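# Descriptive analysis of the structure
So the chains spell out like this:
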Amino acid sequence: MSPTENNLFTVSRLNHQIRLMLEANASHILLVGEISNFSRPSSGHWYFTLKDDSAQIRAAMFRGNNIRVNFSPANGMLVIVRANVTLYEPRGDYQLVVENIKPAGEGLLQQKFEALKNKLHAEGLFDSQLKKALPVSVKSIGVITSSSGAALQDILNVLKRRDPGLPVVIYPTMVQGQSAIEQIAQMIEIANLRNEVDVLIVARGGGSLEDLWCFNEERVARAIFASKIPIISGVGHETDFTIADFVADIRAPTPSAAAELVSRDSVALIQLVQRSRQRLQMAVDYYFSQQQQTFDHLFHRLKYQHPQIKITRQLMHLTEIQNQLEKLGNQKINGLKEKWLSLNTKLDAFNPYQIGLNRLSRLKERLAACDPTIRISRAHQLLEQQSYKLSQSIRNFLLLHQQKINLLDKKLYPATIGKLSDNKKRAQLLSQSLLKIDMRYVVSMQKNRLNLLRAKRDTTMEFLINQAKNQLSTKCSSLDALSPLKTLNRGYSVVLSEDKKRISSHLQVKKGQKIKMHVTDGVILTEVLSTEEIKTKSL
């Protein structure tokens, strides 16, 4: 067979492949063995050999993992390790890289603990519904523990401080070792037979798993479960858990805590008595107060049921009803008055005579607004204003030309004295001729113009007044011809029903119906005897 790249290995390649296979298939295994050749160099790593009767293997535990170990490994110690199998390639030696290590004895006990715990839990010994409640008032307690242990002293000290009058029965027993298992179970059974305490405390101080193992035995667990008296477990420290803790009715973290659960605080008891006394006093006061209120209520009821009081109350009620009736009557009358006034106002609004007067009043107001005298007065005021403005403009014109002449005189005098003298004379003559213009002539002309305007105004006013009078006379004649009063004067009447509706046809009335006929000087109330249709002849 000729060698190829796939089946020809070097030593390095072989060791590398074996290392990969070991790490992939043998990781995180649990291994039990005895320590030998244990060394602890200055690097902090641990190197040792694990062996049994027929084999051995090298192991290493690096510093990052061994600092968490809470015991000191030594040669000859049986331990359980969790490790990964690997190969040290330079020498071809395979070894263990340990992650965790613990004594083998403790591991076996822990396995037994878990097995018993699962068994009892499956049987229902841990069921919370089967656990017994502590009595509300504890009259005596029993303590199952060592008579010479510190746990008993802790319990007695707590009871002396909190409830010194509480009786305590001590059931002495061993709390460590194989013989303690049967003693603890027997003391529980004896306490139930004697039935002299209300609560049992099974207690022990702290220790290792081996020290507390008697409380992890099935015999003790079943004795606790069978007890008719409630049991409090106070074994070890707060971090210690035993099978007895799970089976007991209540678990206390420490023996002292168990004593506090069953004892009564004397200060709290005194305060409770004081509060109860206060509540009793308040209840008595409240009872007497309620009785006094009941008596007062019955007295007032008897007093108010006197016949004279009933008569007075009925008279007051009758007076109130009378006042309400009077008030309602007044309100009804006032409502009818307001309705009558409203209807009268509406009727006046439709009165032809009143409508004619209103229209005549508005025409008079419009005619007064068109009065020619007012227009002439306004024109006269405007004429006077214009006359004043014209006079002022003429004077301003003369003064301006005079100023211009004086200015020219000053400018041209040095150059042309002679010519300036002639121009000055001409200017003086022109100024004198302008000053000789008589303003009275101008005013006279304006007055003549004003007189002409006044004459024209009078003629226009007379024409407008006559025209307005003719229009007013024509409209009054037309209004008078259309007035219902004129129609009434000719013998006609306006017929209305009782609900003020105008009647224009015989179909709007019935026999026996009352109607109103409005004539010139009043109203005629009539009753319909019969109706008849008038047939008009066609032309």
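Scroll up a little and you will see the structure.
Rules used throughout
- Residues numbered from 1 in each chain as written.
- Predicted model: local features only at pLDDT ≥ 70, side-chain atom pairs only at ≥ 80, totals over all residues.
- Heavy atoms only, no water.
- Patch = residues over 30% accessible without salt bridge, like charges linked within 9 Å, V, L, I, M, F, W, Y side chains within 5 Å.
- Areas by Shrake-Rupley, 256 points an atom, 1.4 Å probe, with all protein chains shown as cover.
- Salt bridge = Lys/Arg side-chain N within 4 Å of Asp/Glu carboxyl O.
- Lys, Arg positive; Asp, Glu negative; His and termini not counted.
- Charge placed at Lys NZ, Arg CZ, Asp CG, Glu CD.
- Helix = DSSP H or I, 4+ residues; strand = E, 2+ residues; numbered from the N terminus.
- Buried < 20%, exposed > 50% of the residue type's maximum accessible area, 1.4 Å probe, protein only.
- Pairing = 2+ DSSP bridges.
- Axes fitted to C-alpha atoms, helices over the stretch in contact; angles between N-to-C directions.
- Contact = heavy atoms within 4.5 Å.
- Parallel < 35°, antiparallel > 145°, perpendicular 65-115°, else oblique.
- Nonpolar A, V, L, I, M, F, W, Y, C, P; charged D, E, K, R; others polar.

Judged by side-chain charge, Arg-359, Arg-362, Arg-366 and Lys-475 come together as a positively charged surface patch. Element by element, the count of residues in the positive patch is highest for helix 11 (residues 352-369), at three residues. Along the chain, Arg-359 falls in helix 11. For Arg-359, a relative accessible area of 46% puts it in the partly exposed group.

Moving on to the sheet that holds strand 1 (residues 29-39). Sheet architecture is closed into a barrel: five strands sit in the order 1-2-3-5-4, paired in mixed fashion. Looking at each pair of strands side by side, their axes are set apart by 55° on average, direction ignored. Bridge analysis of strand 1 against strand 4 (residues 78-88) gives six bridges, and the strand direction is antiparallel. Note that in strand 4 the partner of Leu-31 across the bridge is Val-81. The sheet strands contacting helix 1 (residues 11-25) are strand 4 and strand 5 (93-103), and the helix crosses strand 4 at an angle near 140°.

Moving on, we get to the packing of helix 5 (residues 179-194) against helix 6 (residues 218-226). Running from N to C, helix 5 and helix 6 cross one another at 10°; their axes reach a closest spacing of 8 Å. By the angle between their axes, helix 5 is roughly parallel relative to helix 6. Facing Ile-181, Glu-182, Ile-184, Ala-185, Ile-188 and Glu-189 of helix 5, the residues of helix 6 in contact are Arg-219, Val-220, Ala-223 and Ile-224. Split by residue class, the contact of helix 5 with helix 6 holds seven nonpolar, no polar and three charged.

The subject of this paragraph is a nonpolar patch on the surface. Among the surface-exposed residues, Leu-280, Val-284, Tyr-287 and Phe-288 lie close enough to one another that they form a single nonpolar patch of about 430 Å² accessible area. Note that Phe-288 resides in helix 9 (residues 266-304).

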